[in-house]
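Here are the chains, one letter per residue:
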Amino acid sequence: YIARYGGDEFIVAFEGSDEDVEILMGDIRHRVEEKNSRLPYELTVSIGKARKNDDMRAAGELIAEADWDLYSIKNSR
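This one's a predicted model, so the numbers in the text were calculated from it and none came from an experiment.

Student: I'd like to hear about the overall build of the chain, residue by residue, with values.
Tutor: In terms of regular secondary structure, the chain is built from 2 helices and 2 strands. The secondary structure elements of the chain, listed N-terminal to C-terminal, are β-β-α-α. Dimensions of the chain, computed from C-alpha atoms along their principal axes, come out at roughly 45 × 25 × 25 Å. Summarising the internal contacts of the chain: among those between residues at least 6 apart in sequence, 28% fall at separations of at least 24. Accessible area of the chain: about 6500 Å², with a carbon and sulfur share of 52%. Each charge class in the chain can be summarised by its mean position, and for the 11 positive and 17 negative side chains these summaries are 5 Å apart.

See below:
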């Protein structure tokens, strides 16, 4: 499932292993990098991830966790 969440934010939800997630994230980064060679500007991508656990009661908790991960990655740059 893929949906636009905000201006330039998207949500990808799927069932898979941690390895599957890393492969998907790598594929997304690679496709963005491919586009950069054909554009007069540079695109960047930051990806936050989260895994649903039994303590989560609402989808918003999962989104908040992924958002926190995303911003921690952005802030580490």
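Student: Quick rundown of the environment of arginine 51? Include the residues and the values.
Tutor: Within the fold, arginine 51 resides in the loop between helix H1 (18-36) and helix H2 (59-75). Along the sequence, arginine 51 and glutamate 15 sit 36 residues apart, while their C-alpha atoms lie 9.5 Å from each other. Ignoring anything within four residues of it in the chain, the contact list for arginine 51 reads Gly16, Ser17, Asp18, Met56, Leu62 and Glu65. A distance of 2.6 Å separates the side chain of arginine 51 from the side chain of aspartate 18, its partner in a polar contact.

Student: How would you sum up a nonpolar patch on the surface? Please name residues and give values.
Tutor: A surface patch of nonpolar side chains, about 430 Å² in accessible area, is lined by Ile2, Phe10, Val12 and Phe14. Along the chain, the position of phenylalanine 10 falls in strand S2 (residues 10-12). By relative accessible area, phenylalanine 10 is classed as exposed at 57%.

Student: How would you explain the environment of aspartate 8 if you had to name every residue and give the values?
Tutor: Its place among the elements puts aspartate 8 in the loop between strand S1 (2-4) and S2. Here aspartate 8 falls in the exposed class, since its relative accessible area comes to 67%. In the structure, aspartate 8 is positioned 37 residues away from valine 45 in sequence and 10.0 Å away in space, judged by C-alpha atoms.

Student: Go over the side chain of aspartate 69 with me, naming the residues and quoting the values.
Tutor: By secondary structure assignment, the location of aspartate 69 is in helix H2. Buried charge aspartate 69 goes without a salt bridge, the closest partner of opposite sign being lysine 49 at 5.9 Å. Discounting residues that sit within four places of it in the chain, aspartate 69 has contacts with Ile47, Gly48 and Lys49.

Definitions and cut-offs
- Residues numbered from 1 in each chain as written.
- Predicted model: local features only at pLDDT ≥ 70, side-chain atom pairs only at ≥ 80, totals over all residues.
- Heavy atoms only, no water.
- Helix = DSSP H or I, 4+ residues; strand = E, 2+ residues; numbered from the N terminus.
- Contact = heavy atoms within 4.5 Å.
- Areas by Shrake-Rupley, 256 points an atom, 1.4 Å probe, with all protein chains shown as cover.
- Lys, Arg positive; Asp, Glu negative; His and termini not counted.
- Charge placed at Lys NZ, Arg CZ, Asp CG, Glu CD.
- Polar contact = N/O pair within 3.5 Å; in protein donor to acceptor, adjacent residues only side chain to side chain.
- Patch = residues over 30% accessible without salt bridge, like charges linked within 9 Å, V, L, I, M, F, W, Y side chains within 5 Å.
- Salt bridge = Lys/Arg side-chain N within 4 Å of Asp/Glu carboxyl O.
- Buried < 20%, exposed > 50% of the residue type's maximum accessible area, 1.4 Å probe, protein only.

So far we have only geometry, and geometry alone does not tell us how the molecule works.
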